[in-house]
Amino acid sequence: QKEVEQNSGPLSVPEGAIASLNCTYSDRGSQSFFWYRQYSGKSPELIMFIYSNGDKEDGRFTAQLNKASQYVSLLIRDSQPSDSATYLCAVEGAGGTSYGKLTFGQGTILTVHP
Amino acid sequence: SAVISQKPSRDICQRGTSLTIQCQVDSQVTMMFWYRQQPGQSLTLIATANQGSEATYESGFVIDKFPISRPNLTFSTLTVSNMSPEDSSIYLCSVNRADTQYFGPGTRLTVL
């Protein structure tokens, strides 16, 4: 049973602060890791993906991956009220039969207050 | 990215009936995926639809309940059969492009 766990929320940060979202996964062979943002009543929107150990930065967002620790995180710098949403961590398993199949964490609700 | 549309966007159905959800993609893709998001929950993969072959279902999902069609490389349908209130969820179509998964807008289903 592949599992993806996210840090329990909700997470509340002041505007301008750094929001840190964490995720662990059980399938050591997992290859690809995704962070999605989901506003209430909307479908998930891709924020970032990461495949290699280390950091990947895109604007205010930084994804960090540590395959040895089976850990992936998302940092949001200079948080804005518009970042308030549910953040979903998703993991794609190893092997051809797992291609495109994502296992999602339960999501972390982030609130950025002015 | 990928442009994905779904029909209907929402529906309210009676117990025991069936609903077919359509998914259209802007260009050809090999695999299309169907996910379910139950109220207050995260997404769960229902099945993978390949053109020209039977859909493959994840544990806990069966073809009799969720029959899928994939008549061509840009279109798929998911039917929710013999519905019960427990089927009330958002159903999302997804495709993989450039090793990244993109989601359609979803179909919000309420079963009374």
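Residues numbered from 1 in each chain as written. Chains lettered and ligands numbered in written order. Predicted model: local features only at pLDDT ≥ 70, side-chain atom pairs only at ≥ 80, totals over all residues. Heavy atoms only, no water.

Trainee: Can you walk me through the interface of chain A and chain B in this structure?
Mentor: Accessible area lost during the coming together of the parts is what is often quoted as the interface size. Every contact between the two is made by 18 residues of chain A and, on the other side, 21 residues of chain B. Carbon and sulfur atoms make up 54% of the surface buried where chain A meets chain B, a total of about 1500 Å² over both sides. Of all residues in chain A, Tyr-99, Lys-101 and Phe-104 of chain A give up the largest surface area on contact with chain B, accounting jointly for 33% of the area buried on that side. For Glu-58 of chain B, the salt bridge identified is with Lys-101 of chain A, shortest N-O distance 3.4 Å. Among the elements of the structure, strand S4 (32-38), strand S5 (45-50), strand S9 (85-92) and strand S10 (102-104) of chain A are those that each provide at least two residues to the side of chain A that touches chain B. Among the elements that line the side of chain A that touches chain B, the one with the most residues is S4 of chain A, at three residues. Of the residues contributing to the side of chain A that touches chain B, the split by class is ten nonpolar, six polar and two charged. (Contact = heavy atoms within 4.5 Å. Buried area = accessible area lost by both parts, 1.4 Å probe. Salt bridge = Lys/Arg side-chain N within 4 Å of Asp/Glu carboxyl O. Helix = DSSP H or I, 4+ residues; strand = E, 2+ residues; numbered from the N terminus. Nonpolar A, V, L, I, M, F, W, Y, C, P; charged D, E, K, R; others polar.)

Trainee: Is there a simple way to explain the side chain of Gln-37 of chain B in this structure?
Mentor: By secondary structure assignment, the location of Gln-37 of chain B is in strand S4 (residues 31-37). Within the structure, the side chain of Gln-37 of chain B is placed 2.9 Å from the backbone oxygen of Gln-41 of chain B, a separation counted as a polar contact. Beyond its immediate chain neighbours, meaning those up to four positions away, Gln-37 of chain B contacts Gln-38 of chain A together with Ser-42, Leu-43, Ser-89, Ile-90 and Leu-92 of chain B. (Polar contact = N/O pair within 3.5 Å; in protein donor to acceptor, adjacent residues only side chain to side chain.)

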